[in-house]
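# Overview (structure and organization)
Now for the letters of each chain:
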Amino acid sequence: MIDVFVYVVVLNLAVQYLPTVISETFTLSLLTAALLKVTLELVLLLKGAVLARLRGATTRLAKTTSALMLWVVAAGSKFVVLWLIDIVFGGSVSLGGFVPVTLLVIALLVSRAAVRRLLYGTTAPD
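Residues numbered from 1 in each chain as written. Predicted model: local features only at pLDDT ≥ 70, side-chain atom pairs only at ≥ 80, totals over all residues. Heavy atoms only, no water.

### Side note on the overall build of the chain
From N to C terminus, the chain includes four helices and two strands. Its helices and strands in sequence order give the chain the pattern α-β-α-α-β-α, from N to C terminus. Per-residue burial for the chain yields a buried fraction of 32% across its 126 residues. Put simply, the chain shows about 7,600 Å² of open surface, and 73% of that area lies on carbon and sulfur atoms. (Helix = DSSP H or I, 4+ residues; strand = E, 2+ residues; numbered from the N terminus. Buried < 20%, exposed > 50% of the residue type's maximum accessible area, 1.4 Å probe, protein only. Areas by Shrake-Rupley, 256 points an atom, 1.4 Å probe, with all protein chains shown as cover.)

### Description of the nonpolar core
Tyr7, Leu95, Leu104 and Leu108 are the most contacted members of the largest nonpolar core, which totals 22 residues. Among the secondary structure elements, those contributing two or more residues to this core are α1 (2-17), α2 (26-56), α3 (60-89), β2 (93-95) and α4 (98-120). A total of seven residues in this core trace back to one element, the largest contributor, which is α1. Setting aside residues up to four positions removed in sequence, Tyr7 forms contacts with Ala33, Leu36, Lys37, Leu40, Leu108, Leu109 and Arg112. (Core = buried A, V, L, I, M, F, W, Y, C linked by side-chain atoms within 4.5 Å. Contact = heavy atoms within 4.5 Å.)

### What to know about the layout of surface pockets
Taken as a whole, the largest pocket encloses approximately 210 Å³ of empty space. Secondary-structure elements contributing two or more residues to the lining of the largest pocket are α2, α3 and α4. Per-element tally for the lining of the largest pocket: the top contributor is α3, with five residues. Along the lines of polarity and charge, the residues of the lining of the largest pocket split into nine nonpolar, two polar and two charged. (1 Å grid on protein atoms, 1.4 Å probe; cavity = no way out; pocket = protein on both sides within 12 Å on 5 of 7 lines; lining within 4 Å. Points joined across faces, edges and corners; volume = space filled by probe spheres on them. Nonpolar A, V, L, I, M, F, W, Y, C, P; charged D, E, K, R; others polar.)

### Here we look at α2
In a regular helix each residue adds 1.5 Å, so 31 residues correspond to 45 Å; α2 covers 44 Å between its end C-alpha atoms and thus fits that length. Among the residues making up α2, those that are buried are Leu28, Ser29, Thr32, Ala33, Leu36, Lys37, Thr39, Leu40, Val43 and Val50. Where the residues of α2 are buried, they touch α1, β1 (21-23), α3, β2 and α4. (Expected span 1.5 Å × (residues − 1).)

### Here we look at the side chain of Ser29
In this fold, Ser29 is placed in helix α2. Here Asn12 takes part through its side chain, which lies 3.3 Å from a polar atom of the side chain of Ser29. In this structure Ser29 touches Val8, Leu11, Asn12 and Ser23, once residues within four positions along its chain are discounted. (Polar contact = N/O pair within 3.5 Å; in protein donor to acceptor, adjacent residues only side chain to side chain.)

### Comments concerning the packing of α2 against α3
Across the interface, α2 lies against α3 with an axial gap of 10 Å and an inter-helix angle of 165°. Judged by the angle between their axes, α2 and α3 are roughly antiparallel. The hand of the α2/α3 crossing is right-handed. (Axes fitted to C-alpha atoms, helices over the stretch in contact; angles between N-to-C directions. Parallel < 35°, antiparallel > 145°, perpendicular 65-115°, else oblique. Left-handed = near helix turned anticlockwise from the far one by under 90°.)

### Re α1
Relative to the 22 Å expected for 16 residues at 1.5 Å per residue, α1 spans 23 Å between its end C-alpha atoms, a close match to the ideal helical length. Turning to α1, its buried residues number three or more, namely Asp3, Val4, Val6, Tyr7, Val8, Val10, Leu11 and Ala14. Buried-residue contacts for α1 involve β1, α2, β2 and α4.

### Re the pattern of salt bridges
Counted according to the given criterion, the structure contains five salt bridges. A salt bridge links Asp3 to Lys37; the nearest nitrogen and oxygen atoms lie 2.6 Å apart. Here the residue Asp3 occupies a position in helix α1, and Lys37 occupies one in helix α2, the gap between them amounting to 34 residues. Like Asp3, the residue Lys37 is buried in the burial classification. Overlapping salt bridges, with partners in common, bring together Asp3, Lys37, Glu41, Arg112 and Arg116 in one network. (Salt bridge = Lys/Arg side-chain N within 4 Å of Asp/Glu carboxyl O.)

Here it is, written out as structure tokens:
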């Protein structure tokens, strides 16, 4: 739950300072934050699985394939976020394009880690 509140704060700061990031109401930004939380958690799980595969790879082909999969997950997740926001909220919420959403995701993850470290002394608890 704390993550959603952190995401709401970061998202609303982005809405205020980045003209391409739009959320028509606070309620929509709260719902957007919840959707981002679920989406980013799934992306982080997928990224963890791909990283485990990369670390366990023993052949050059397996390492190359895993590295390519990691790149696809990292870049593709931004497009998935944009697509989901468009499907769920239509024109009422816009996260800009690829670059603004990438910066937003980085800000969300860094902020989440900072708050977890502040509250728990670590970034691990969920």
